[in-house]
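# Analysis of the macromolecular model
Listed below are the residues making up each chain.
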Amino acid sequence: MEYWLDKLAQADFDRIVVNTHYFSELVEQYLAGSSYRGKVSLMHEQNLLGTAGTVLRHRQLFEAGPVLVAHADNLTDFDAEWLMREHAQRPPHCAMTMMTFLADDPKSGGIVELSREHVVQAFHEKVQNPPGNLANAAVYIFEKEIVEFIASIGGGFIDLSTQVIPHFLGKIYAVSHLGFHRDIGSMESWRQSQIDYPGERPENTAADGWRQLLDADGARLATIIRQLESAE
């Protein structure tokens, strides 16, 4: 989260909303000691609303203009200002800009097929034989049209990948991030990212205690994994 907040702060975002659910108290502890706490609003979901349901919950933000939406379980060195510039130059009929990247494991993500104008024509979410490795990076800029469509679906759990993106095929502008981008939602990927990530540590040093906590938890988790492996 520190990496994400650092990137957004550098791009002069002054309103950042962090959605919480699992281990929400740890996120709250981190932000309480962060220099970014004045820019961040926490919104807790007792019951998950889905990736699109969360966007709908913050519908009022779209009154001020387009909104950047990102899945923070990705580690990336993208430039938020670059993405906003690309969105400003999108084809006029596109209501969404989607960042893409070349995936190491295309079966585990959403693979896109593009027109010559870099508009998404087809989307394949976690299929066994994807037609390529250009993947949805789960970093978007949405126009108001997107949240209005989500509202038309109704309440409850609403998913971006299965319910929203397919509806907007032909109206999604795709821009390729050529730097580092990886889903760190698994322990294996998270560990490998500690080795591969080329970026520098963010300037915010208020989270040193949080890093120590993570290091301690990581050591404890590794011990538990070894114990389970021994038991097997």
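First, a word on what this report is: a plain description of the structure on this page. (Residues numbered from 1 in each chain as written. Predicted model: local features only at pLDDT ≥ 70, side-chain atom pairs only at ≥ 80, totals over all residues. Heavy atoms only, no water.)

### Remarks on the overall build of the protein chain
Per the secondary structure count, the protein chain includes eight helices and ten strands. Sorting the 232 residues of the protein chain into buried and exposed places 41% on the buried side. Long-range pairs, those at least 24 residues apart, make up 71% of the contacts in the protein chain between residues at least 6 apart in sequence. In the form shown here, the protein chain has an accessible surface area of approximately 13,000 Å², with 50% of it arising from carbon and sulfur atoms. (Helix = DSSP H or I, 4+ residues; strand = E, 2+ residues; numbered from the N terminus. Buried < 20%, exposed > 50% of the residue type's maximum accessible area, 1.4 Å probe, protein only. Contact = heavy atoms within 4.5 Å. Areas by Shrake-Rupley, 256 points an atom, 1.4 Å probe, with all protein chains shown as cover.)

### Looking at the side chain of Ser161
Among the structural elements, Ser161 can be located in helix α6 (residues 160–164). Discounting residues that sit within four places of it in the chain, Ser161 has contacts with Phe123, Glu125 and Pro166.

### Digging into the packing of aromatic side chains
Taken as a whole, this structure holds six aromatic pairs when the rule is applied. With centroids separated by 5.3 Å and ring planes inclined at 75 degrees, the aromatic side chains of Tyr3 and Tyr197 adopt a geometry described as edge-to-face. Highlighted residues: Tyr3 in helix α1 (residues 2–10) and Tyr197 in the loop between α7 (187–196) and α8 (208–231), separated in sequence by 194 residues. Judged by relative accessible area, which is 30%, Tyr3 ranks as partly exposed. (Phe/Tyr/Trp six-rings, centres within 6.5 Å; stacked < 30°, edge-to-face > 60°.)

### Notes on helix α4 (residues 80–88)
Along α4, the residues classified as buried are Ala80, Trp82, Leu83 and His87. The buried side chains of α4 occupy one side of the element, clustering within an arc of 160 degrees when seen end-on. Two or three places before Glu81, at the start of α4, stands the capping residue Asp79, its side-chain oxygen 2.9 Å from that residue's backbone nitrogen. (Arc of directions from axis to C-beta. Polar contact = N/O pair within 3.5 Å; in protein donor to acceptor, adjacent residues only side chain to side chain.)

### What about the pattern of salt bridges?
Close approach of charged atoms allows side chains of opposite charge to pair. Scanning the entire structure with this criterion turns up six salt bridges. Between Lys144 and Glu63 there is a salt bridge, with its nearest N and O atoms 3.3 Å apart. One end of the pair, Lys144, is in helix α5 (residues 144–153); the other, Glu63, is in the loop between α3 (51–57) and β3 (67–70), with 81 residues separating them in the sequence. We classify Lys144 as partly exposed; its relative accessible area is 34%. Ionic pairing is found between Arg182 and Asp104, a salt bridge with its closest N-O pair at 3.9 Å. One end of the pair, Arg182, is in strand β10 (residues 181–183); the other, Asp104, is in the loop between β5 (96–102) and β6 (110–114), with 78 residues separating them in the sequence. Residue class for Arg182 comes out buried when judged on its relative accessible area of 17%. Residue class for Asp104 comes out exposed when judged on its relative accessible area of 72%. (Salt bridge = Lys/Arg side-chain N within 4 Å of Asp/Glu carboxyl O.)

### Looking at unusual backbone geometry
Positive phi is not limited to glycine here, since Asp12 has a value of about 70 degrees. Structurally, Asp12 is set in the loop between α1 and β1 (16–20). Non-glycine residue Ala138 carries a positive phi angle of around 60 degrees. Take Ala138: it is sitting in strand β8 (residues 134–142). With relative accessibility at 9%, the residue Ala138 sits in the buried group.

### Considering the pairing of strand β7 (residues 120–125)
Bridge count for β6 against β7 is five bridges, and the pairing is antiparallel. The residue bridging Val112 from the neighbouring strand is Phe123, located in β7. From the end of β6 to the start of β7, which pair antiparallel, there are five residues, and His118 there has a positive phi angle of about 65 degrees. (Pairing = 2+ DSSP bridges.)

### Focus: a negative patch on the surface
Judged by side-chain charge, Asp12, Asp14, Asp79 and Glu81 come together as a negatively charged surface patch. Its place among the elements puts Glu81 in helix α4. Under the relative-accessibility criterion, Glu81 is labelled partly exposed at 34%. (Patch = residues over 30% accessible without salt bridge, like charges linked within 9 Å, V, L, I, M, F, W, Y side chains within 5 Å. Lys, Arg positive; Asp, Glu negative; His and termini not counted. Charge placed at Lys NZ, Arg CZ, Asp CG, Glu CD.)

### Thoughts on α1
Here α1 lies mainly inside the structure; seven of its nine residues are buried. Of all the positions in α1, only Glu2, Trp4, Leu5, Asp6, Lys7, Leu8 and Ala9 are classed as buried. Immediately downstream of α1, the backbone of Asp12 shows phi near 70 degrees, a positive value.

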